[in-house]
Amino acid sequence: MHCDRELDVRGLNCPLPILRTKKTLSEMSPGEVLHVVATDPGSVKDFEAFARQTGNELLSTVEANQVFEYYLKRK
């Protein structure tokens, strides 16, 4: 999937992955896509809630070998 920026938050636990994602998205233009890579299993629910609450679109969630990848589209 195409992305405009990437953010690696592996090894960080809640709330740091969301906080770093929020900061990065604020620096992006509407419509741009952010690819986030995380290892916190709780991040799945966190990213779903974050997208719902902020209006940013969670395009995709992929999990493989305890690594979680998210694609978020900036509102």
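Analysis parameters
Residues numbered from 1 in each chain as written. Predicted model: local features only at pLDDT ≥ 70, side-chain atom pairs only at ≥ 80, totals over all residues. Heavy atoms only, no water. Helix = DSSP H or I, 4+ residues; strand = E, 2+ residues; numbered from the N terminus. Buried < 20%, exposed > 50% of the residue type's maximum accessible area, 1.4 Å probe, protein only. Polar contact = N/O pair within 3.5 Å; in protein donor to acceptor, adjacent residues only side chain to side chain. Contact = heavy atoms within 4.5 Å. Salt bridge = Lys/Arg side-chain N within 4 Å of Asp/Glu carboxyl O.

Engineer: Can you walk me through the side chain of serine 43 in this structure?
Structural biologist: If you trace the backbone, serine 43 turns up in helix α2 (residues 43-54). Look at serine 43 and you get buried, because its relative accessible area is 1%. Reaching out from serine 43, the side chain makes a polar contact with the backbone oxygen of aspartate 40 at a distance of 2.6 Å. Apart from residues lying up to four places away in sequence, serine 43 is in contact with Ala38, Phe68 and Tyr70.

Engineer: Looking at this structure, how should I read the pattern of salt bridges?
Structural biologist: What the rule picks out here adds up to three salt bridges. For the salt bridge of glutamate 27 with arginine 5, the shortest nitrogen-to-oxygen distance reads 3.3 Å. With glutamate 27 in the loop between α1 (16-26) and β2 (33-38) and arginine 5 in strand β1 (residues 5-8), this residue pair connects regions lying 22 residues apart in the sequence. Owing to a relative accessible area of 44%, glutamate 27 belongs among the partly exposed residues under this scheme. Residues aspartate 8 and arginine 10 are paired through a salt bridge, measuring 2.6 Å at the closest nitrogen-oxygen approach. Residues joined in a network through salt bridges with shared partners are Arg5, Lys23 and Glu27.

Shape descriptors only; they carry no functional weight alone.
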